[in-house]
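# Working through the structure, step by step
What follows is the residue order along each chain.
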Amino acid sequence: MRLALLPLLFAPLLSQAATLVVCSEASPEGFDVVRYNSLTTTNASADVLMNRLVEFDPQSGQLQPGLAQSWQVSTDGLVYDFRLREGVAFHQTPWFTPSRTLTAEDVLFSFRRMLDPAHPWHRTAPSGYPHAQSMQLGELIRSIEAVGPQQVRFTLARPDATFLATLSMGFASIYSAEYAAQLLAAGTPEQLDSQPVGTGPFVLKRYQKDALVRYLANPDYFAGKPAVDGVVLAITPDANVRLQRLRRGECQIALSPKPQDVRAAQDDSTLKVVATPAFMTAFVALNTQHPPLDRPEVRQAINLAFDKASYLKAVFEDNAQAADGPYPPTTWSYAADLPVYPHDPARARELLLKAGLAQGFSTTIWTRPAGSLLNPNPALGAQLLQADLAQIGIRAEIRVIEWGELIRRAKAGEHDLLFMGWAGDNGDPDNFLTPQFACASVASGLNFARYCNARLDQLIAEGKRSSDQVERSRLYREAQTLIREQALWLPLAHPTAAVLVRKGVEGYRASPFGRQDFSKVRLDR
């Protein structure tokens, strides 16, 4: 019944010629982006509602001015001075009317709430601040101060080659300190997660969970009002249904298509495919805190048991490159010469025998119900892994868990084997290492392997301190070697980031990071 009613729901939206309707695959966890780590939530909050001090342009591979029109870095790499744009307006909504434009006060609030345990807003995030915690920004940033109304100074405890790029990530979005003070005074800080305010190209109008998110164009956007009057995210978990709605004109853009849908769109004169190599890795995280997965030889056996070639053919239909480690091959420190795990069930059984597990063991495989770019067919992928593990005596029960619940429980470390994916935000190799393998990321929940190793942590830290790309590559090669030897992941694939659009949609570009920019999209009808 629900699917039959949805076209009627979208019909009034499509009758407005300047409303862009996007069929997306899942509901956001919320809109207070600093509290979450999923790409779905970043796209629904940071990328449409918010801005950051600096922005990363995936087309040029360079950082560009955002809310900061310029910046200077001291010769010792410890002091960063940002000059803010003048006259940047915050959203005016039914729940907030700003009395001033962007100032340094807003930048201070946005970072101090995450980093200062004594800040009145710090404890308002029930699940903490996963990115800030995993990247240890509280230790890295010694101080943040307003040098003037439009100038902010960050002083670091040590040089960090990734700092500027980190500021382009979604969690580094800038919030209104004035709105936050209003919510705190009213005793309703939780409303920041449901009634957000930003400076971005669109303003939140309405959110209906598991149905749609509606935004209106921000007429006061500092980079110019978007070409469309509004955007609707039509939440459509089934990829087949997303394609059907695209063909019927119920949406103009469909995200996360299945490989066969991409081929079908290429043969459809009313559709076009916008694609780019993705800066992403699909993987199965092996929870090293759950015996017997705490033993390297067991994790190695799982890697040897898996028939990756059959998986890529069945799930990605050969529309992805095999992953052998955390990095996509386009990463500048990618270690191409490291040996890979072959498909060798006999060797896998030997390792289990050596580990005293001749009879195998029981475990669980966690996956999501609906497909995504990094997992086009979750059920099939889990079944293939289950069958391969059974061949070496590992009895794996598949558990299908709704996306938001899956993320929440996985961050708490409840899983055994977890189908997951990671998308880099800024092109820097550390964007994979720190969130997924640093010790601090175990506490924040982003380290889905739940693995903490002093040497690996040291390599990651030294890589960030160095500004020499050759030296960083050397350190990161050793890190990749350790990650492979410890078999922390079962690496799966590096997909192509493809998006399906209807003819008449102009100005849309696919991002290698999977992030969505609708501010430059035009509808020609």
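Being a predicted model, the structure only gives us computed values, none of them experimental. (Residues numbered from 1 in each chain as written. Predicted model: local features only at pLDDT ≥ 70, side-chain atom pairs only at ≥ 80, totals over all residues. Heavy atoms only, no water.)

## Here's the deal with the pattern of salt bridges
- If you walk through the whole model with that rule in mind, you get 24 salt bridges.
- Across the salt bridge formed by Arg 263 and Glu 317, the nearest N and O atoms sit 2.2 Å from each other. One end of the pair, Arg 263, is in helix H10 (residues 259–266); the other, Glu 317, is in the loop between helix H12 (308–315) and strand S14 (320–322), and 54 residues separate them in sequence.
- Residue Arg 263 is classed as partly exposed on the basis of its relative accessible area, which comes to 40%.
- Residues Arg 455 and Glu 478 are paired through a salt bridge, measuring 2.9 Å at the closest nitrogen-oxygen approach. With Arg 455 in helix H18 (residues 454–465) and Glu 478 in helix H19 (residues 469–486), this residue pair connects regions lying 23 residues apart in the sequence.
- The class of Arg 455 is partly exposed, set by a relative accessible area of 32%.
- Shared partners join several salt bridges into a network, and the residues in it are Arg 100, Glu 105 and Asp 106. (Salt bridge = Lys/Arg side-chain N within 4 Å of Asp/Glu carboxyl O. Helix = DSSP H or I, 4+ residues; strand = E, 2+ residues; numbered from the N terminus. Buried < 20%, exposed > 50% of the residue type's maximum accessible area, 1.4 Å probe, protein only.)

## Section: the state of the cysteines
- This structure, assessed with the given rule, holds 2 disulfides.
- Across the disulfide from Cys 23 sits Cys 251; the S-S distance is 2.5 Å. Between Cys 23 and Cys 251, the S-S dihedral sits near -105°, and the bridge is therefore left-handed. In this pair, Cys 23 sits in strand S1 (residues 19–24) while Cys 251 sits in the loop between helix H9 (239–248) and strand S11 (253–254), placing the two residues 228 residues apart along the sequence.
- Judged by its relative accessible area of 0%, Cys 251 is buried.
- Here Cys 439 connects covalently by a disulfide to Cys 452, the sulfurs 2.0 Å from one another. (Disulfide = S-S within 2.5 Å.)

## Some thoughts on the packing of aromatic side chains
- Evaluated as defined, the whole model comprises 19 aromatic pairs.
- When the ring of Tyr 80 is compared with that of Phe 163, the centres are 4.9 Å apart and the planes differ by 65°; the resulting orientation is edge-to-face. In this pair, Tyr 80 sits in strand S5 (residues 79–84) while Phe 163 sits in helix H7 (residues 163–166), placing the two residues 83 residues apart along the sequence. With respect to class, Tyr 80 is no different from Phe 163; both count as buried.
- Here the aromatic rings of Phe 279 and Phe 513 are separated by 5.8 Å at their centres, their planes lie at 75°, and the arrangement is edge-to-face. Linking Phe 279 in the loop between strand S12 (271–277) and strand S13 (280–286) with Phe 513 in the loop between strand S19 (505–506) and strand S20 (522–523), this pair joins segments that are 234 residues apart in sequence.
- With relative accessibility at 7%, the residue Phe 279 sits in the buried group. (Phe/Tyr/Trp six-rings, centres within 6.5 Å; stacked < 30°, edge-to-face > 60°.)

## Remarks on the confidence of the model for the protein chain
- Averaged over every residue, the pLDDT of the protein chain is 93; the share at 70 or more is 97%.
- Low confidence marks residues 1–17, where pLDDT is under 50. Its contacts with residues over four positions away, or in another chain, come to 26 contacts. (pLDDT = per-residue confidence, 0-100. Contact = heavy atoms within 4.5 Å.)

## Concerning the sheet that holds S5
- Pairing is antiparallel across the open sheet formed by 4 strands, whose spatial order is S4-S5-S7-S6. At either margin of the open sheet sits one strand with a lone partner, and together these are strand S4 (68–73) and strand S6 (141–148). Adjacent strand axes in the sheet meet at a mean angle of 20° when their direction is disregarded.
- Where S6 meets strand S7 (residues 151–156), 6 bridges bridge the pair, whose relative direction is antiparallel. (Pairing = 2+ DSSP bridges. Axes fitted to C-alpha atoms, helices over the stretch in contact; angles between N-to-C directions.)

## Observations concerning the packing of helix H4 (residues 104–115) against helix H8 (residues 177–186)
- One way to put it is that H4 packs onto H8 with a least axis distance of 8 Å and a crossing angle of 60°. Relative to H8, the element H4 is oriented oblique. Across from Glu 105, Asp 106 and Phe 109 in H4, the residues of H8 making contact are Ala 177, Glu 178 and Ala 180.
- Of the residues in the contact of H4 with H8, the class split is 3 nonpolar, no polar and 3 charged. (Parallel < 35°, antiparallel > 145°, perpendicular 65-115°, else oblique. Nonpolar A, V, L, I, M, F, W, Y, C, P; charged D, E, K, R; others polar.)

## So, the domain arrangement of the protein chain
- Here the protein chain is described as being made up of domain 1 (16–30 + 200–270 + 503–524), domain 2 (51–197) and domain 3 (280–497).
- The gap between the C-alpha centroids of domain 1 and domain 2 is 27 Å.
- Counting residues at the interface gives 16 residues for domain 1, matched by 20 residues for domain 2.
- Counting across the interface, domain 1 meets domain 2 through 0 salt bridges.
- Residue composition of the side of domain 1 that touches domain 2, by class: 8 nonpolar, 4 polar and 4 charged. (Domains from an automatic or database assignment.)

## Points about the packing of helix H16 (residues 430–437) against H18
- At their nearest, the axes of H16 and H18 sit 10 Å apart, and the two run at 145° to each other. As H16 packs across H18, the resulting crossing turns out to be left-handed. Touching Asp 430, Leu 433, Thr 434 and Phe 437 of H16 are Leu 456, Ile 460 and Lys 464, all from H18.
- For the contact of H16 with H18, the per-class residue count stands at 4 nonpolar, 1 polar and 2 charged. (Left-handed = near helix turned anticlockwise from the far one by under 90°.)

## With respect to helix H15 (residues 403–411)
- Three or more residues of H15 are buried, namely Trp 403, Leu 406, Ile 407, Ala 410 and Lys 411. Along H15, the residues classed as buried sweep out an arc of 120° about the axis, all on the same side.
- Residues of H15 that are buried sit in contact with helix H2 (39–44), helix H5 (130–134), strand S15 (361–367), strand S17 (417–423) and helix H17 (439–444).
- Put simply, Glu 402 is the residue that caps the front of H15, since its side-chain oxygen is 3.0 Å from the backbone nitrogen of Gly 404.
- Gly 413 sits one or two positions beyond H15 and adopts a positive phi of about 80°. (Arc of directions from axis to C-beta. Polar contact = N/O pair within 3.5 Å; in protein donor to acceptor, adjacent residues only side chain to side chain.)

## Concerning the nonpolar core
- Within the largest apolar cluster, 75 residues are counted, with the highest numbers of intra-cluster contacts made by Leu 53, Phe 111, Phe 154, Tyr 215, Ile 253, Tyr 508 and Phe 518.
- In terms of residue count, H4 provides more of this core than any other element does, 7 residues in total.
- Viewed by domain, this core spans two of them, domain 1 (16–30 + 200–270 + 503–524) and domain 2 (51–197), each represented by three or more residues.
- Setting aside residues up to four positions removed in sequence, Leu 53 forms contacts with Pro 65, Gly 66, Leu 67, Ala 68, Phe 82, Leu 84, Val 107, Phe 111, Phe 154, Leu 167 and Ile 174. (Core = buried A, V, L, I, M, F, W, Y, C linked by side-chain atoms within 4.5 Å.)

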